[in-house]
Every structure is written in C-alpha cells, then in structure tokens.
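Residues per chain, in single letters:
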Amino acid sequence: MSTTADARAGRAAFTHPAFVLFQVARFLIVSAVEMQAVAVGWQVYEITKRPIDLGYVGLAQFLPGILLFPISGHAADRFERRDVLSACYAGYALCFGLLLAFTERGVRSASAIYAVLILVGVVRSFNGAASRSILPQLVSAEHFPNAVAWNATVFQGATILGPSFGGLLYAASHGPSLVYGIAAVTAVAATISTFRIKPETKPRPREPMSFKTVFAGLRFIWSKKLILGAISLDLFAVLLGGAVALLPVYAREILHTGPWGLGLLRTAPGVGAALMAVLLAHRPLRGRSGPTLLWAVAGFGVFTIIFGLSRNLVVSLVALLLLGASDMISVIIRATLTLLATPDEMRGRVTAVDMIFIGTSNEFGQFESGVTAQWFGTVPAVVIGGIGTLIVIALWAWLFPELRRAGELTSLGEIKEIEKA
C-alpha cells in the first residue's frame, strides 16, 4: 500500500492535464532540435574538416540569446506564455525547413548553415524564457518539485531519442535531408500540442518596456547571492567542460566510428541524466543541497577528464553517462531554487537571465572547446576543460559560502532562512 502511494506521489505532476500536454510538446520539440544538432554537426564537419567550425555552430546559436534576453524575458512576462511557445515551435519548424531546402540545393559552404543557426538562436531565446517560466502555471504548488524533476526527465528522454534517431537516419539516408524533414514535421506536431494547453493564468502587471523593467531579472539575481552562486557555478563549470561540441571529432578521428556512433555518444549524457531525474522524482533530494550541488559539479569535471582520455567507445559512453547524471543533480537544484524564489510576474525575465548562463555554458562552451581544440588538440582541450571545472568548484566554494551552507530547498520560506544564515 505504501509502495503504491509512493509511486503515485512520484507521478503527481501528471495528474494535471496542462502539464501532460506541455510535456508532449516539449518532448517532440527537444527531440527535433537534438536530431537537427547531430545532422548539423556531422554536415558542417564533413564540409570543413575543422574542429573550430563546430565551435562556430555553438556561437551562432549563443549570440542571439545574449543580445535578445531583455526582450525575450519581457515578452514571457507580458504576453500569454502558451502563445509565445506556440510561435517558437512554429519558428523551429521553419528553421528545419530552411536547413532541408539548403541541403537539397547542394550547399557547399557552412555559411548558409550558420545563418539558419542564428535564426535558431533567436527562437531559442524566446522559447527558453517562456518554456521555463510557464511551468509553475501548469501544476499546483505542492506538486511543483515533482514537476521540475519530471520536466527534466522528459527533456533528457528527448535528448536520448533525438541524437540516436538522428544519427541512424543520417547514416541510413547517407545525408541530413531526411533528418531535417522529420525534425520539421515533429516541430509542427509540438506546435499543435501547445495550442491545447490551458495554463492556470493569474493576473500579472503589464509593465511597459523600459530599461528598468527589462533588466529587472538581472538585478533580482544579483541581489540573491545563493541563486547567483548556483547558476554562475554551472556557467563556468560547464563552459570549461564542454566536451559535447567535439563529439564529431572523437567519433571520427579518435574512436573511429560513424554517424551512428556519434548519435550514441550524444545520447549517453541524456541517458545518465534521465535515469538520475527519474530517481530524484521518486526520491527527492534531502538535506544539504549546497554541498550536493558542489559534489555533483565535481563529478561532472572528473568524468569529463575520463572521457577526454578514453580511446574505447564503451568507456567513453560510460563516462558520458555518468557526466550526464552528475549534471542533472545540478540542473534540478538550480531550477527548483530559481523558480520558487521568483515572483510569477518576474519569472520570464529572471528565466531569460538564467538562460543566458545556461546558453553561455552550452553554446559558448562549444565555441570555447572548438577554439582550444584548434590550439592544443582535441584530447588536451577536453582534459584541460575538466581540470578547469574542478578549479572553478574550489573557487566557488570559497567565494559563495551560501552554497556550502544551503540546506533543503523546497519552499521560498526555506530559501529566505538560508539566505539569512
């Protein structure tokens, strides 16, 4: 009886229909984006044969987010978030259609691909702010921590299916066209699912766009040192440990596999993250979340180093799986903390700033990895990045004592108590 009750509690978020529809749409769109990422990475590397161009893939998607975060965050707070999401998913479908059109025309330069990726970056900027800030509107307050864990689980499930499916399609069709076509259709299906969502909307003040209002999220995070420490730790740690950008090089030059192997390598972190997210959905984090966060990011750095030194596909897959599991602990702690501590009328702008940190660590991290691989070689670049992650952890534990003292973060009241400590 107790086991049945625990199982139901572990799936509490799915009792809310709006949450279910949101997760269906999110699974579809993330799968489509991940399929496209595998195809773009392999296609660009086949065209140029230079690791630094894989860095440019990340840079093209990162820069629009930096430039647009004040506008995207303000849009998520001013307009109906469901409508913003629907427009973004339709925008993804357009981008994938353009990649398909360029490929069918026999593109011989990466420049056209980069141009589409810049448009993808614009869509991601608005999608990120709306997608994360709408989550508290889809479930009751008591089910929100469970919703965060399952939200991460669905995301990681899509990152498992998307890369592996994209890699297999690329290999089977001997090119990226089929991948881009299926990604576009999947994005259309996500748009349709999003239209059916009926979030619990609460009246929000419609503040006029001004310098003060668009940068309110940045000021809020700066005033919350615990939040600032948590998201900046993720920023610099993942920025240095961005081995994923170099997976096409590892697959082709070091592990001597093909597109199917690249798909598996891109899938492995998602498998580890998904398993960890499911575990945390049923067994939420208890006790001192701050030290747990620090140790989890340390694990991310260690497994990055192991992956960088590996010459065996199985060892590399295991290292990436454990890397993803470690990163998921950090993701759930940071997401729960940030969303619970932020008033609903500011969640879009705060989330937009948080997405800058995430985008910097992911997309700009890809650029950093491409540059260092060009300078020092692929393996030294990954190993140096992992060592740099461990150094960052030591510095942050000293610079942000709030992280070392942070306890169980399950409500705004507890967060306030911790910040007073």
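The numbering scheme is per chain: residues are counted from 1 as the chain's sequence reads. Totals for whole chains, interfaces and linings use all residues, but because this is a predicted model, local features are given only for residues with pLDDT of at least 70 and pairs of side-chain atoms are given and counted only at 80 or more. Only hydrogens and water are removed before side-chain values are computed, so all heavy atoms of the structure are retained for them.

**Observations regarding the overall build of the protein**
When helices and strands are tallied, the protein shows 18 helices and zero strands. Looking at the protein residue by residue over its 421 residues, the buried ones come to 60%. The contact definition used throughout considers only heavy atoms, calling two residues in contact when any of these lie within 4.5 Å. Residue pairs at least 24 apart in sequence account for 88% of intrachain contacts in the protein once pairs closer than 6 positions are excluded. Of the roughly 17,100 Å² that the protein leaves accessible, carbon and sulfur atoms contribute 68%. Strands here mean DSSP runs of E at least two residues long; helices mean DSSP runs of H or I at least four residues long; both are numbered from the N terminus. Residue exposure (1.4 Å probe, protein chains only): buried if accessible area is under 20% of the type maximum, exposed if over 50%, otherwise partly exposed. We get accessible surface area from the Shrake-Rupley algorithm with a probe of 1.4 Å; when it comes to residues, only the shown protein chains can shield them.

**Section: the pattern of salt bridges**
Should a side-chain nitrogen of Lys or Arg be within 4 Å of a carboxyl oxygen of Asp or Glu, the pair is scored as a salt bridge. Taken as a whole and judged by the stated rule, the model has one salt bridge. In this structure, the salt-bridge partner of Arg82 is Asp83, at a minimum N-O distance of 3.6 Å. For Arg82, a relative accessible area of 22% gives the class partly exposed. For Asp83, a relative accessible area of 39% corresponds to the partly exposed category.

**Here we look at the packing of aromatic side chains**
We describe a pair of aromatic rings using the distance from one ring centre to the other and the angle between the two ring planes. For this analysis, a ring pair means two rings from Phe, Tyr or Trp (six-membered ring only for Trp) whose centres lie within 6.5 Å, classed as stacked if their planes differ by under 30 degrees, edge-to-face if by over 60, and tilted for the remaining angles. Applying the stated criterion to the full structure yields five aromatic pairs. Ring geometry for Tyr92 against Phe96: centres 6.0 Å apart, planes inclined by 20 degrees, an arrangement best described as stacked. Taken together, the positions of Tyr92 and Phe96, both in helix 4 (residues 81-104) and four residues apart, correspond to about one turn of that helix. Here Tyr92 and Phe96 have matching classes, each one buried. For the ring pair Tyr250 and Phe307, a centre distance of 4.6 Å and an interplane angle of 40 degrees mean the geometry is tilted. Here the residue Tyr250 occupies a position in helix 11 (residues 247-254), and Phe307 occupies one in helix 13 (residues 289-309), the gap between them amounting to 57 residues. Accessibility expressed as a relative area gives 0% for Tyr250, which makes it buried. Feature note: the residues Phe14, Phe19 and Trp150 constitute an aromatic cluster, connected by ring pairs.

**Details of the side chain of Ser193**
By the element assignment, Ser193 lies in helix 7 (residues 177-195). Judged by relative accessible area, which is 8%, Ser193 ranks as buried.

**Regarding the environment of Asp327**
With respect to the helices, strands and loops of the structure, Asp327 is situated in helix 14 (residues 313-340). A relative accessible area of 23% places Asp327 in the partly exposed class. C-alpha of Asp327 to C-alpha of Leu293: the two residues are 34 residues apart in sequence and 9.1 Å apart in space.

**Topic: the packing of helix 13 against helix 16 (residues 378-399)**
Two numbers describe a pair of packed helices, the interaxial angle and the distance between the axes. Put simply, helix 13 and helix 16 touch, their axes get as near as 7 Å, and they point 165 degrees apart. By the angle between their directions, the pair helix 13 and helix 16 is classed as roughly antiparallel. Helix-helix and strand crossings are classified by hand; for helix 13 and helix 16 the assignment is left-handed. On helix 16, the residues that touch Leu294, Val297, Ala298, Phe300, Gly301, Val302, Thr304, Ile305, Phe307, Gly308 and Leu309 of helix 13 are Val379, Val382, Val383, Gly386, Ile387, Thr389, Leu390, Ile393 and Ala397. In terms of residue class, the contact of helix 13 with helix 16 is built from 15 nonpolar, five polar and no charged. Inter-axis angles, ranging from 0 to 180 degrees, are taken between N-to-C directions of lines fitted to C-alpha atoms, where helices are fitted over the stretch in contact. Oblique is the label for any angle not under 35 degrees, not over 145, and not in the 65 to 115 range, which are roughly parallel, roughly antiparallel and roughly perpendicular in turn. Handedness of a crossing follows from how the near helix is turned relative to the far one, being left-handed for an anticlockwise turn of less than a right angle and right-handed for a clockwise one. Note that Gly is not counted as nonpolar here; it falls among the polar residues with everything else outside the nonpolar set of Ala, Val, Leu, Ile, Met, Phe, Trp, Tyr, Cys and Pro and the charged set of Asp, Glu, Lys and Arg.

**Points about a nonpolar patch on the surface**
Within this analysis, patches are made of residues with over 30% relative accessible area and no salt bridge. Like charges are joined at 9 Å or less; nonpolar side chains (Val, Leu, Ile, Met, Phe, Trp, Tyr) at 5 Å or less. On the surface, Ile387, Ile391, Leu395, Trp398 and Leu399 cluster together to form a nonpolar patch covering roughly 530 Å² of accessible area. One can find Ile391 in helix 16.

**Overview of the packing of helix 6 (residues 144-173) against helix 7**
Axis separation between helix 6 and helix 7 bottoms out at 8 Å; the angle between their running directions is 135 degrees. As far as their axial angle goes, helix 7 and helix 6 are oblique. Between helix 6 and helix 7, the contacting residues are Phe165, Gly166, Leu169, Tyr170 and Ser173 on the first element and Leu178, Val179 and Ile182 on the second. Tallied by class, residues from the contact of helix 6 with helix 7 come to six nonpolar, two polar and no charged.

**Topic: helix 7**
Along an α-helix, residues three or four apart share an orientation, since each turn contains 3.6 residues. The span one expects for a helix is its residue count, reduced by one, times 1.5 Å. The terminal C-alpha atoms of helix 7 lie 28 Å apart, and with 19 residues this matches the ideal 27 Å at 1.5 Å per residue to within 8%. Within the sequence span of helix 7, burial applies to Ser177, Val179, Tyr180, Ala183, Ala184, Thr186, Ala187, Ala190, Thr191, Ser193 and Thr194. Lining the buried residues of helix 7 we find helix 2 (17-48), helix 4 and helix 6.

**So, the environment of Trp260**
Of note, Trp260 is situated in helix 12 (residues 259-282). Sequence spacing of Trp260 and Gly166 is 94 residues, and the spatial spacing of their C-alpha atoms is 8.5 Å.

**Topic: helix 12**
The terminal C-alpha atoms of helix 12 lie 35 Å apart, and with 24 residues this matches the ideal 34 Å at 1.5 Å per residue to within 8%. Bending is quantified residue by residue as the angle between axes fitted to the seven-residue window ending at that residue and the seven-residue window starting at it. Of all the bends found along helix 12, the most pronounced is centred on Thr267 and spans about 30 degrees, while Pro269, a proline, follows it within four residues.

**Observations concerning the nonpolar core**
Put simply, a nonpolar core is a bunch of buried Ala, Val, Leu, Ile, Met, Phe, Trp, Tyr and Cys residues held in one set by side-chain atoms that sit within 4.5 Å of each other. Residues Tyr92, Leu138, Leu233 and Leu403 are the most contacted members of the largest nonpolar core, which totals 115 residues. The biggest single contributor to this core is helix 2, with 15 residues. Apart from residues no more than four positions distant in its own chain, Leu233 is found in contact with Leu293, Leu294, Val297, Val392, Ile393, Trp396 and Leu403.

**Structural notes on the confidence of the model for the protein**
Along the chain, pLDDT gives the predictor's confidence residue by residue, from 0 to 100. Per-residue confidence for the protein gives a mean pLDDT of 79, with 83% of residues at or over 70. For the protein, per-element mean pLDDT is lowest for helix 18 (residues 412-420), which scores 41, and highest for helix 7, which scores 93. Throughout residues 410-421 the model reports pLDDT below 50, and contacts reaching past four residues in sequence, or to other chains, amount to 19 contacts.

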